[in-house]
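Coordinate inspection notes
Residue strings, one per chain:
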Amino acid sequence: MIIAIDGPSGAGKSTVSKSVAKNLGFSCLDTGAMFRCVAWQAAQLGVSLEDADKLGEIARDYEISFGHEAGDPAPKQVFMGGVDVTDQIRTAEIDRAVSAVASVPAVREALLEQQRRIGNAGDYVVDGRDIGTVVFPNAQVKVFLTASAEERARRRVAQNLERGVGSTDYEEVLADIVARDEADTNRATAPLRPAEDATHIDSTSFTIEEVIDQICKLAEAARAN
């Protein structure tokens, strides 16, 4: 079974996906980390975010893999071409660069086949921007998870403070989120939008636990059918 969770940056998709997967005994496929890897590698090589051909080459030439620990559905490590980039891909710099990378058709095409190969091999919770619309259009459960920009900025700042990575300036984080929403929604390739058969969940006024419970119930209903 595939549970597809789409939504804008900072909506809590990653946190929710990990908990849903753990509750259901599923694994997580972090597709967002794959695009972040390409953005990070481009920065290391000095490749412009406007150079679509070079970005596509990076996505094709560097193998992205994940390190897991037994009993934990979420990957503990992310590798780009064999290099551990777990922390490096979670900086404010990569936050600002990843939308441009994700908008490149050659990058999306290069990563799509691997995403499907991994996901179709078992029970996965997959979160991103176009999981239910493009990557896994036949997913048994589709969720579009969102929250107000202000709430998402507050959560991101708290998260960055906790892990000691990324900006902790609320106004800066809010501006980045608003800009990323605009870029993700209006890009030509696989823009951010809910699948027609997705269940919409606005988490602004819900706790994380309430959102997790809603999605687990959707999965249980899908299994029963």
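Okay, so let's go over this structure.

The subject of this paragraph is helix α2 (residues 31–45). Look at α2: 22 Å from first C-alpha to last across 15 residues, which is about the 21 Å you get at 1.5 Å a residue. Judged by how many residues are buried, α2 sits mostly within the fold: 11 of 15 residues are covered. Buried within α2 are the following residues: Thr-31, Ala-33, Met-34, Phe-35, Arg-36, Cys-37, Val-38, Ala-39, Trp-40, Gln-41 and Ala-42. Gly-46, located one to two residues past α2, shows a positive phi value of around 70°.

Bringing the sheet that holds strand β6 (residues 124–128) into the picture now. In space, the 5 strands of this open sheet follow the order β2-β6-β1-β7-β8, with parallel pairing throughout. In this open sheet, the two edge strands, each paired with only one partner strand, are β2 (27–30) and β8 (199–202). On average, each strand axis in the sheet is tilted by 25° relative to the strand beside it, whichever way the strands run. As defined by bridge partners, β2 adjoins β6 across 4 bridges and the pair is classed as parallel.

Glancing now at the packing of helix α7 (residues 149–163) against helix α8 (residues 170–186). Axis separation between α7 and α8 bottoms out at 9 Å; the angle between their running directions is 125°. In terms of their interaxial angle, α7 and α8 are classed as oblique. You can see that α7 and α8 cross each other, and the crossing is right-handed. Together, Ala-149, Glu-150, Arg-152, Ala-153, Arg-154, Arg-156 and Val-157 of α7 and Tyr-170, Val-173, Leu-174, Ile-177, Val-178 and Asp-181 of α8 make up the contact between the two elements. Here the contact of α7 with α8 is composed, by residue class, of 8 nonpolar, no polar and 5 charged.

Conventions used here
Residues numbered from 1 in each chain as written. Predicted model: local features only at pLDDT ≥ 70, side-chain atom pairs only at ≥ 80, totals over all residues. Heavy atoms only, no water. Helix = DSSP H or I, 4+ residues; strand = E, 2+ residues; numbered from the N terminus. Expected span 1.5 Å × (residues − 1). Buried < 20%, exposed > 50% of the residue type's maximum accessible area, 1.4 Å probe, protein only. Pairing = 2+ DSSP bridges. Axes fitted to C-alpha atoms, helices over the stretch in contact; angles between N-to-C directions. Parallel < 35°, antiparallel > 145°, perpendicular 65-115°, else oblique. Left-handed = near helix turned anticlockwise from the far one by under 90°. Contact = heavy atoms within 4.5 Å. Nonpolar A, V, L, I, M, F, W, Y, C, P; charged D, E, K, R; others polar.

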